[in-house]
Amino acid sequence: MSKPCPNIVDIDRITWCPVGPFDNPRIHLMAPLFFGDCPMVLHAVEVFVDDDDNRMVATSLMKQNLVYAAELVIGAQTPLKTVVIDGRDYLLITVPGIDGGRFS
């Protein structure tokens with residue numbers, strides 16, 4: 001049996017929809033994503049690492065619960081791996097979607 005090849009998604013090819021607060025909507029981005037026929041929603045939450053206690057913090061405190069949820073679900077200690085989108089650091093979180101045709 002051959003070893004499975006990893007699936008690689010090119011972050012630069014994703015069309016992001018800014019859904020953050022009106023004064024800085026790029027704090028939180030969303031994009032539809034499908035695993036086969038399973039609709040998912042990819043969230044990108046802008047974050048930074050607090051040097052004092054080495055914790056990952058959302059740029060907007062309104063979005064900090066998304067960071068906490070990601071830590072809780074995977075049982076990870078922060079800082080988690082981030083990606084750079086348009087020069088900003090984001091934590092990616094993927095959650096099941098309803099029908100893939102709308103964000104929910």
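Residues numbered from 1 in each chain as written. Predicted model: local features only at pLDDT ≥ 70, side-chain atom pairs only at ≥ 80, totals over all residues. Heavy atoms only, no water.

Undergrad: How would you explain the overall build of the protein chain if you had to name every residue and give the values?
TA: For the protein chain, the helix and strand inventory stands at one helix and six strands. Taken from N to C terminus, the helices and strands of the protein chain fall in the order β-β-β-β-α-β-β. Out of the 104 residues belonging to the protein chain, those deemed buried represent 35%. Within the protein chain, residue pairs in contact and separated by at least 24 positions form 49% of the contacts whose partners lie at least 6 positions apart. About 7,200 Å² of surface is accessible on the protein chain, with carbon and sulfur atoms providing 57% of the total. Both charge centroids of the protein chain, one from 8 positive and one from 13 negative side chains, sit 7 Å from each other. (Helix = DSSP H or I, 4+ residues; strand = E, 2+ residues; numbered from the N terminus. Buried < 20%, exposed > 50% of the residue type's maximum accessible area, 1.4 Å probe, protein only. Contact = heavy atoms within 4.5 Å. Areas by Shrake-Rupley, 256 points an atom, 1.4 Å probe, with all protein chains shown as cover. Lys, Arg positive; Asp, Glu negative; His and termini not counted. Charge placed at Lys NZ, Arg CZ, Asp CG, Glu CD.)

Undergrad: Quick one: what's the story with the nonpolar core, residue by residue and with numbers?
TA: Generally speaking, a soluble globular protein has its nonpolar side chains buried in company with each other. In this structure, Ile11, Ile14, Trp16, Leu29, Ala31, Leu33, Met40, Leu42, Ala44, Ile85 and Tyr90 together form the largest nonpolar core, which totals 11 residues. Put simply, the parts of the chain that give this core at least two residues each are strand S2 (28–35) and strand S3 (38–50). Counting residues in each nonpolar core, the second largest holds nine residues, with Val45, Met56, Ala70 and Ile93 among its members. (Core = buried A, V, L, I, M, F, W, Y, C linked by side-chain atoms within 4.5 Å.)

Undergrad: Summarise the layout of surface pockets; cite the residues concerned and give the values.
TA: Estimates place the volume of the largest pocket at around 200 Å³. Residue lining of the largest pocket: Leu66, Ala69, Ala70, Val73, Ile74, Leu80, Leu91, Leu92, Ile93, Thr94 and Val95, and that is the complete set. Taken together, the residues of the lining of the largest pocket sort by class into 10 nonpolar, one polar and no charged. (1 Å grid on protein atoms, 1.4 Å probe; cavity = no way out; pocket = protein on both sides within 12 Å on 5 of 7 lines; lining within 4 Å. Points joined across faces, edges and corners; volume = space filled by probe spheres on them. Nonpolar A, V, L, I, M, F, W, Y, C, P; charged D, E, K, R; others polar.)

Undergrad: Would you mind going over the pattern of salt bridges in detail, with residue names and values included?
TA: In total, this model carries three salt bridges according to the counting rule given. Across the salt bridge formed by Arg26 and Asp86, the nearest N and O atoms sit 2.7 Å from each other. Here Arg26 is found in the loop between strand S1 (17–18) and S2, whereas its partner Asp86 is found in the loop between strand S5 (83–85) and strand S6 (88–96), with 60 residues between them in sequence. Overall, the relative accessible area of 23% leaves Arg26 in the partly exposed class. (Salt bridge = Lys/Arg side-chain N within 4 Å of Asp/Glu carboxyl O.)

Undergrad: Residues and numbers for the environment of Pro79, please.
TA: Note that Pro79 resides in the loop between helix H1 (64–74) and S5. Accessibility expressed as a relative area gives 38% for Pro79, which makes it partly exposed. For the pair Pro79 and Val47, spaced 32 residues apart in sequence, the C-alpha separation works out to 9.8 Å. Setting aside anything within four residues of it in sequence, one finds Pro79 in contact with Val49, Asn54 and Met56.

Undergrad: Could you give an account of H1, naming the residues involved and the relevant values?
TA: All of the buried residues along H1 are Gln64, Val67, Ala70 and Glu71. The arc enclosing the buried residues of H1, seen along the axis, measures out at 125°, which places them on a common side. Along H1, the residues that are exposed and aim more than 90 degrees away from the buried face are Asn65, Leu72 and Val73. Looking at the buried side of H1, the elements it contacts are S3, strand S4 (55–58) and S6. Backbone geometry just downstream of H1 places Gly75 in the positive-phi region, at approximately 65°. (Arc of directions from axis to C-beta.)

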